[in-house]
Amino acid sequence: MSVSISIPELLQTPVKRRSLWREWNQLPRFLRLVLLLMFAMTGFSVVYLYSILSAELPSVKKSRDFTQKHFEQNIIPTERKESVAEVQQIEPPHNKSKEEGKDLLKKFSIRNEIKRFEIEEAGPTNQYQEAVVEAFKHAWKGYREYAWGHDHLKPISKSFHNWFGIGLTLIDALDTMYIMGLKEEFQEAREWVANKLDFNINKDVNFFETTIRVLGGLLSTYHLSQDKMFLEKAVDIANHLMPCFKTRSGVPYSDVNLKTGFAHAPLWGSDSSVSEVSTVQLEFRDLSRVTGSPKYEEAAFHVSKYLHTLPKKDGLVPMFINADKGHFRTHSTLTLGARADTYYEYLLKQWIQTGRNISWLKEDYMEAVEGVMKNLVRKSQPKQLVFVGELLSGRNYSPKMDHLVCFLSGTLILGYHYGMPTSHQRLAEQLMETCYQMYASTATFLSPEIAYFNMKDGGGSDIIIKSNDAHNLLRPETVESLWYMYYFTRNETYRRWGWNIFQAFERYTKVKTGGYTTIGDVRNPLFVRPRDLMESFFLGETLKYFYLLFSDKQELLSLDKLVFNTEAHPLPIYNNR
Ligand code: DMJ
């Protein structure tokens, strides 16, 4: 009676296992096969999903929560101290598209000589430009020490962030360094591009972002330096991006895996952004023109031609389009901000790039600007600031304006230079004033990401900033437009405004140990909530436009000879369609 456990009980587990196996064997063969297939498919899906979800996206990554004390300790200018950065050692695998690039270059070497930019001797000529070059060096110091070869610097945590893993900041900054005359920095970066940059990686990248930052950056650097290595790399990345165009409509998918060439719609939905599909044409066309291989231009320009045929409201386009069906999403917001902005910019700039010979590009642009004036432009109260709002669901007016919209002044004045009506010039001036006020009216002298405008009589301030919109990402659009406005008018007011903004960036976004950071709240100078990220466009665009704005050399880079892509990478104007 004292022994309560019998031998069969001790052997319970193996007995059960054996019976399960027996039961499995007793199942019909066909059923076993089906079950095995189901297990295999589930396993495969889990692995696949994990590989997609593990791709880092900056927008969904939470920024670290830093205390004000930490911020004060870090956001104070300090002496620069160079140190040798460690360079990741990765051997690039054999890559077919690189070889293809070299072949094309051999074949079209004569054509390559034609479009070299004539740039006067690079380097700062006054104290304002010197200050901008110092800012660039400070940003570069942080990137070089803590993020070398990675996409973005995280200046406060002294680390890096990889969005695509292809050295976005380094590539975006190449032509800025060239223009600023930073020869040593440029040379070091050039070696990284030549020896370490590898596009044959198992990563999903955004087609548009990679085109404007990487393809655009490599092409402009090639034009400036005439170093064919940059063109080889441009051909290489373009070939990796081309699968995006393989859709039923020819409108590209938003993402592609660089290694497999698998192109697909974004993870968050089935549609591509209209701005994204319509803002790759300058880059792909330039590549075709320098290599003599028409396939890039043909694929990209097909998209513009196709969009041209679709119905629009007074020339205005919705934010989304389905790449397979080729339809705009109905009841979509009409805006000059995120997801539509650069469609308008590239209508004008493509017309300029092709020698102003393709008249429907100009007509679509003019119709769209008319549509903006009719449907989106309003004045705030009480100061009558002119702004560009949105039509929600294509119908309901919202007095909301993204900082992104501030590119429009520059585009309008560029168009005016090429013969657009004076109403365009007037709107450019008025909107420039409003964009400046988005900076000047905050306690930090920095603009929020989004502003709402008061349209009611009876006091209050013109510009309303909501908590969710109070961040500043070091974006370039206002500085970009200030440069265009100054370039064409030589009105010193625009330089004064630029200097005020530059000083605010220095004061509130500079990180002591190197780099500049995006911030979470422009309304509170005591605690701007640093977000610990320096976007590549701060070096590619914002600091470049500051440098050009403060240039005393009339036409350091001539807008009669070149056109800037939307990431501030200058490309040549071709006098033929
Ligand atoms: C840049 O990548 C480009 O200027 C693009 O057109 C808009 N977004 C960022 C800068 O704000």
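None of these values were measured; they are calculated from a predicted model.

(A) Spotlight on the overall build of the protein chain. Along the protein chain, the regular secondary structure elements total 22 helices and 16 strands. Classification of the 577 residues of the protein chain by burial places 58% in the buried group. For the protein chain, contacts bridging at least 24 residues in sequence account for 72% of all contacts bridging at least 6. Of the roughly 25,300 Å² of accessible surface on the protein chain, a fraction of 54% belongs to carbon and sulfur atoms.

(B) Structural context of the site of the ligand. The environment of the ligand is made up of Ile212, Arg213, Thr342, Leu404, Arg475, Pro476, Glu477, Phe537, Glu541, Thr566 and Glu567. Glutamate 477 is positioned with one of its side-chain polar atoms (N or O) 2.7 Å from an oxygen atom of the ligand. Between the ligand and glutamate 541 there is a distance of 2.7 Å, counted from an oxygen atom to a side-chain nitrogen or oxygen. Here the ligand has 290 Å² of accessible area as a free molecule, and 92% of this is covered by the chains. When contributions to the shell around the ligand are tallied by element, the ones reaching two or more residues are α11 (207-225) and α22 (536-549). Among the residues forming the shell around the ligand, the class breakdown is 4 nonpolar, 2 polar and 5 charged.

(C) Spotlight on the pattern of salt bridges. A complete count under the given rule lists 22 salt bridges for this structure. Each of Glu209, Arg213, Glu535 and Glu567 takes part in a single network of salt bridges with overlapping partners.

(D) Spotlight on the packing of aromatic side chains. Tallying each qualifying case throughout the model produces 32 aromatic pairs. For the ring pair phenylalanine 207 and phenylalanine 284, a centre distance of 6.0 Å and an interplane angle of 45° mean the geometry is tilted. Highlighted residues: phenylalanine 207 in helix α11 and phenylalanine 284 in helix α14 (residues 281-291), separated in sequence by 77 residues. One exposure class covers both phenylalanine 207 and phenylalanine 284, and it is buried. Relative to phenylalanine 564, the ring of tyrosine 545 lies with its centre 6.1 Å away and its plane at 35°, an arrangement referred to as tilted.

(E) Quick look at the state of the cysteines. Using the criterion set out here, one finds 1 disulfide in the structure. Through a disulfide, cysteine 406 is tied to cysteine 435; the S-S separation comes to 2.1 Å. Across the S-S bond linking cysteine 406 and cysteine 435, the dihedral sits near -95°, which makes this disulfide left-handed. Separated by 29 residues along the polypeptide, cysteine 406 in the loop between β12 (400-402) and α18 (407-417) and cysteine 435 in helix α19 (residues 422-440) bring together distant segments of the chain. Of the two residues examined, cysteine 406 and cysteine 435, each falls in the buried class.

Thresholds, definitions, all that
Residues numbered from 1 in each chain as written. Predicted model: local features only at pLDDT ≥ 70, side-chain atom pairs only at ≥ 80, totals over all residues. Heavy atoms only, no water. Helix = DSSP H or I, 4+ residues; strand = E, 2+ residues; numbered from the N terminus. Buried < 20%, exposed > 50% of the residue type's maximum accessible area, 1.4 Å probe, protein only. Contact = heavy atoms within 4.5 Å. Areas by Shrake-Rupley, 256 points an atom, 1.4 Å probe, with all protein chains shown as cover. Near = heavy atom within 4 Å. Polar contact = N/O pair within 3.5 Å; in protein donor to acceptor, adjacent residues only side chain to side chain. Nonpolar A, V, L, I, M, F, W, Y, C, P; charged D, E, K, R; others polar. Salt bridge = Lys/Arg side-chain N within 4 Å of Asp/Glu carboxyl O. Phe/Tyr/Trp six-rings, centres within 6.5 Å; stacked < 30°, edge-to-face > 60°. Disulfide = S-S within 2.5 Å.

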